[in-house]
Amino acid sequence: MIIPAKLAWTGTAVRIFLGVILGWAGVVKIRNPEAFIKIVKAYNLLPEKLVVLWGIFLPWIELVTGLFLFFGLWHKSAVLSSFGLFLTFAAAVSINILRGADIACGCFGFNDTNLYVVLCQDLVFLLCCYFLFFLKSTPYSLDHCLFTSQSGGLS
């Protein structure tokens with residue numbers, strides 16, 4: 001099945017947008033791991049022994065997932081990884097909203113942010129992932145360059 005051009009280009013824009021979002025979020029946290037580890041601890045969701053591990057590895061997962069989305073490599077895997085990340089973020093934020101916690105989200109820096117706004121952002125990002133999941137490839141992606149010459153077009 002060939003994807004209509006407008007839908008394919010929308011997919012490209014959404015893919016690049018999510019890639020930039022995740023990449024930027026990862027870089028900000030990688031540059032200041034101590035601050036991010038404090039935020040992970042403030043969420044009060046993980047055992048003490050896992051807080052530092054999560055605080056160190058999560059930003060790298062975000063960065064790699066963001067790069068794969070941005071460049072359009074391993075489309076399905078990158079989309080599933082980003083879906084898992086945004087679902088995890090939405091769950092963590094939701095739990096802390098229900099607790100009445102007043103904490104920084106830790107998303108794109110370490111400023112205080114309204115957790116309701118963060119939850120809405122995560123839900124929008126999840127919808128973007130859902131949309132991307134059903135596209136095999138998008139124009140201007142490495143997957144498109146590597147694999148569409150064999151299949152004859154976007155599908």
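We now turn to the structure provided with this report. (Residues numbered from 1 in each chain as written. Predicted model: local features only at pLDDT ≥ 70, side-chain atom pairs only at ≥ 80, totals over all residues. Heavy atoms only, no water.)

### Considerations on the pattern of salt bridges
So, point 1. Summed over the entire model, instances satisfying the criterion amount to two salt bridges.
So, point 2. In this structure, the salt-bridge partner of E62 is K29, at a minimum N-O distance of 2.8 Å. Of this pair, E62 sits in helix 3 (residues 48–71) while K29 is found in helix 1 (residues 5–31), placing the two residues 33 residues apart along the sequence.
So, point 3. On the basis of relative accessible area, E62 is assigned to the buried category, the value being 2%.
So, point 4. In this structure, E48 and K41 form a salt bridge, with 3.6 Å as the shortest nitrogen-oxygen distance.
So, point 5. Given a relative accessible area of 53%, E48 falls into the exposed group.
So, point 6. Among the residues examined, K41 registers a relative accessible area of 46% and is labelled partly exposed. (Salt bridge = Lys/Arg side-chain N within 4 Å of Asp/Glu carboxyl O. Helix = DSSP H or I, 4+ residues; strand = E, 2+ residues; numbered from the N terminus. Buried < 20%, exposed > 50% of the residue type's maximum accessible area, 1.4 Å probe, protein only.)

### Examining the nonpolar core
Soluble globular proteins: nonpolar side chains tend toward being buried together.
So, point 1. The biggest cluster of nonpolar side chains holds 34 residues, and the ones touching the most others in it are L18, Y43, F86, V93 and L115.
So, point 2. Of all the elements in the fold, those that place two or more residues in this core are helix 1, helix 2 (33–43), helix 3, helix 4 (75–99) and helix 5 (115–133).
So, point 3. Per-element tally for this core: the top contributor is helix 4, with nine residues. (Core = buried A, V, L, I, M, F, W, Y, C linked by side-chain atoms within 4.5 Å.)

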